[in-house]
Amino acid sequence: MEQVPLDFLGELRRTHHCGELRAADAGKRAIVMGWVHRRRDLGGVLFLHLRDREGVTQIVFRADGDPAVHAKADMLGPEYVIAVEGLVDLRSKDTINPAIPTGGVEIVCEKLHILNTSKTPPFPMDENVDVKEDARLKYRYVDLRRPQMQRNIILRSKITFEIRKVLIDQGFLEIETPFLGRSTPEGARDYLVPSRVFPGQFYALPQSPQIFKQLLMVSGFDKYFQIARCFRDEDLRADRQPEFTQIDLEMSFPQQEQIFEVIEPLVVAACKVAGYAVSAPFPRLTYDQAMRAYGIDKPDLRIPQFHCVEDLFAGEGLTADGMPLVVIRIPNVGAVSRKERDDLKAYGQEKGLRVFDDMKRLERDFPAQMAKVRELVSAQEDDLLLMAGWGGELKGQRPDYTMLAACGQLRLQAAQRYADKHKAFDAKDFRFLWVLDFPMFEWDEEESRWNAAHHPFTSVLDTDIDKLESDPAHCYAKSYDLVLNGTELGSGSIRIHRQDIQSKVFAALGLSQEEARKKFNHLLEGLEYGAPPHGGIALGLDRLVMILAGETSIRDVIPFPKTAKATDVMCEAPSEVPDKSLRELGLSLRKQ
């Protein structure tokens, strides 16, 4: 291969980005720099598309130009890094490219500087090229040059900046909390960091800044936020990252409503950056209302809610005694084949449901009731209607919620199956929702005990304090989730700041004061030094940007993500370390 002579950048300065030039710039001298995106040789006239993060500019090497410059241009390959000096010229009307903002102009090259060569890229840089994810992640530094990824990462930066601005304008202080902390006994598994100075002892990377941000409220900072890096050594999931970023904040002396008043403008501003207009305040549902209407605590409001109609069919045996009877409507589905109906029935039966799909038969057997059902759900001719009762075992603390959750899964399954017909899943139709007042506790069947549904420092509703010991199944918390189109964007709560209430919560969880001190001493001790009422929330930045960018994977909005197996195929991590490093840490490995 011919050796390409390279130039030094020297004192050469860029005057314009590649996506910046317009017709008004015609006649100006310009210096642009970037990567060779595409080239066309028309026999004497050579055209290049030069690309940087702002876009593409066409460069033309004319037949009557400098032969030395033309010869140099012949050496260029894809992804070569170059600088071009020349005159901005208007394109002729028949060569204007309306697909790009710079399509009305080109630069007539007078000087060409080849700053670096490139190996042949492992995949094209063009838009909408189907590339296997393993290749994209292995050569991530190349993948990130593609226009789609450039847009996503730039959008992430702009959204993050806007979030900071909104919070600082509301009086929040950006404060960093430690990466090296104490391993927590609750929640997901920690990533542990061995200490060389204290052999056999470990730090843990933070799963969240929860304890530190509460202590910052004890410290009197009033309003804290952080774009926080968090780490969780969780079981593998398709779209979950071992390290992720959250918008973390905490306030002193807040009402729950004040948390919403902070977050809603923040989200509205983030959507505006992405080019979408959403309005606040967002609708609100309690956890019980969400379960009764959608069968899920993060409902997608683009699909109609279902309705419980057991009162209309009392004594008819369509559902188990005391259990809901649910009507599901999926609009604009049209004709549904017998096989499709059987498939939906089978899906419901797997969840313990009795699914009734023959509306004509139900209308024949129960004409008055079905007329009321159709009126209740606003049924139209092309809608798919399903009715579901409970045919499974009655077990657990709230079997009715088990049944409602099964109906919620059936509703989503039916909606997703016919998404191309009813067009409900418009990715640009943003339906935000607050879900409030979650259960304080979750029953652990294996351990036969109550666990904290959020975390043990979440406040119980004032009206439910007396139920902490007598009726924990019906205790509700001052907790709230922000949901967007069926995705939980964030979760928060008003915290416990009083020792008497904290003791009652620990008792409900079966924790003695001694056990609680052993697990959470630094926070509990901090709460004894004048802790104000406080509360906050954490939003998933990766998820928010993913949705606003129109992507389906958070890996497409994270610059250097891990695979679904939590590996970094570019850096080949995790990896083994030398025995010397292990010895310095006082560690030895054993085969599993």
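Residues numbered from 1 in each chain as written. Predicted model: local features only at pLDDT ≥ 70, side-chain atom pairs only at ≥ 80, totals over all residues. Heavy atoms only, no water.

1. Quick notes on the side chain of Asp383
Position of Asp383 among the secondary structure elements: in the loop between helix H10 (367–377) and strand E15 (384–390). Residue class for Asp383 comes out buried when judged on its relative accessible area of 12%. Within polar-contact distance, the side chain of Asp383 engages the backbone nitrogen of Asn332 at 3.0 Å. When residues no more than four places from it in sequence are discounted, the contact partners of Asp383 are Arg329, Ile330, Pro331, Asn332 and Ser378. (Helix = DSSP H or I, 4+ residues; strand = E, 2+ residues; numbered from the N terminus. Buried < 20%, exposed > 50% of the residue type's maximum accessible area, 1.4 Å probe, protein only. Polar contact = N/O pair within 3.5 Å; in protein donor to acceptor, adjacent residues only side chain to side chain. Contact = heavy atoms within 4.5 Å.)

2. Considerations on the side chain of His37
With respect to the secondary-structure elements, His37 resides in strand E1 (residues 29–41). Judged by its relative accessible area of 16%, His37 falls in the buried class. Not counting chain neighbours up to four residues away, the residues in contact with His37 comprise His49, Arg51, Glu79, Met125 and Asp126.

3. Observations regarding H10
Taken together, the buried positions of H10 are Gln369, Met370, Val373 and Val377. Along the long axis of H10, the arc covered by the buried residues comes to 95°, so they all point the same way. More than 90 degrees from the buried face of H10, the exposed residues found are Pro367, Ala368, Lys372 and Glu375. At its buried positions, H10 is contacted by strand E12 (307–308), strand E13 (326–330), helix H9 (359–365) and E15. Positive phi appears at Ser378, one or two residues downstream of H10, with a value of about 55°. (Arc of directions from axis to C-beta.)

4. Some words on empty space enclosed by the protein
Taken as a whole, this structure holds three cavities of 30 Å³ or more when the rule is applied. Considering only enclosed or pocket space, the largest cavity measures out at about 50 Å³ in volume. Taken together, Thr177, Pro178, Phe179, Pro206, Ser208, Pro209, Phe212, Gln226, Ala228, Arg229 and Cys230 make up the full set of residues lining the largest cavity. Looking at which element gives the most residues to the lining of the largest cavity, the answer is strand E9 (residues 223–231), with four residues. Looking at the lining of the largest cavity residue by residue, the classes come out as seven nonpolar, three polar and one charged. (1 Å grid on protein atoms, 1.4 Å probe; cavity = no way out; pocket = protein on both sides within 12 Å on 5 of 7 lines; lining within 4 Å. Points joined across faces, edges and corners; volume = space filled by probe spheres on them. Nonpolar A, V, L, I, M, F, W, Y, C, P; charged D, E, K, R; others polar.)

5. Here's the deal with the packing of helix H4 (residues 147–169) against helix H16 (residues 541–548)
Contact geometry of H4 with H16 gives a least axis separation of 10 Å together with a crossing angle of 120°. With respect to their mutual orientation, H4 and H16 come out oblique. In this structure, H4 crosses over H16, and the sense of that crossing is right-handed. Contact residues: H4 offers Asn152, Leu155, Arg156, Ile159, Thr160 and Ile163, while H16 offers Leu541, Asp542, Val545 and Leu548. Residues belonging to the contact of H4 with H16 are distributed by class as follows: six nonpolar, two polar and two charged. (Axes fitted to C-alpha atoms, helices over the stretch in contact; angles between N-to-C directions. Parallel < 35°, antiparallel > 145°, perpendicular 65-115°, else oblique. Left-handed = near helix turned anticlockwise from the far one by under 90°.)

6. Some remarks on the pairing of strand E5 (residues 105–116)
Pairing analysis gives two bridges linking strand E3 (residues 55–61) to E5, with the strands arranged parallel. Looking at the pairing, Ile59 lines up with Ile107 of E5. With 10 bridges joining them, strand E4 (residues 81–90) and E5 adopt antiparallel strand pairing. Opposite Val88, over in E5, you have Ile107 as the bridge partner. (Pairing = 2+ DSSP bridges.)

7. Some remarks on unusual backbone geometry
Following Ala280, the chain continues into Pro281 via a peptide bond in cis, with omega recorded as 5°. Mapped onto the elements of the fold, Pro281 is located in the loop between helix H6 (256–273) and strand E11 (284–286). With an omega dihedral of 0°, the bond running from Ala573 to Pro574 counts as a cis peptide bond. Following the sequence through the fold, Pro574 ends up in the loop between H16 and helix H17 (579–584). The phi angle at Asn332 is positive, at roughly 55°, despite the residue not being glycine.

8. Quick word on the sheet that holds E5
Overall, mixed pairing links the five strands, which are arranged E1-E2-E3-E5-E4 in a closed barrel. Each strand axis lies, on average, 55° off the axis of its neighbour in the sheet, ignoring direction. Note that strand E2 (residues 46–52) and E3 share seven bridges and pair antiparallel. Paired with Leu46 across the bridge in E3 is Phe61.

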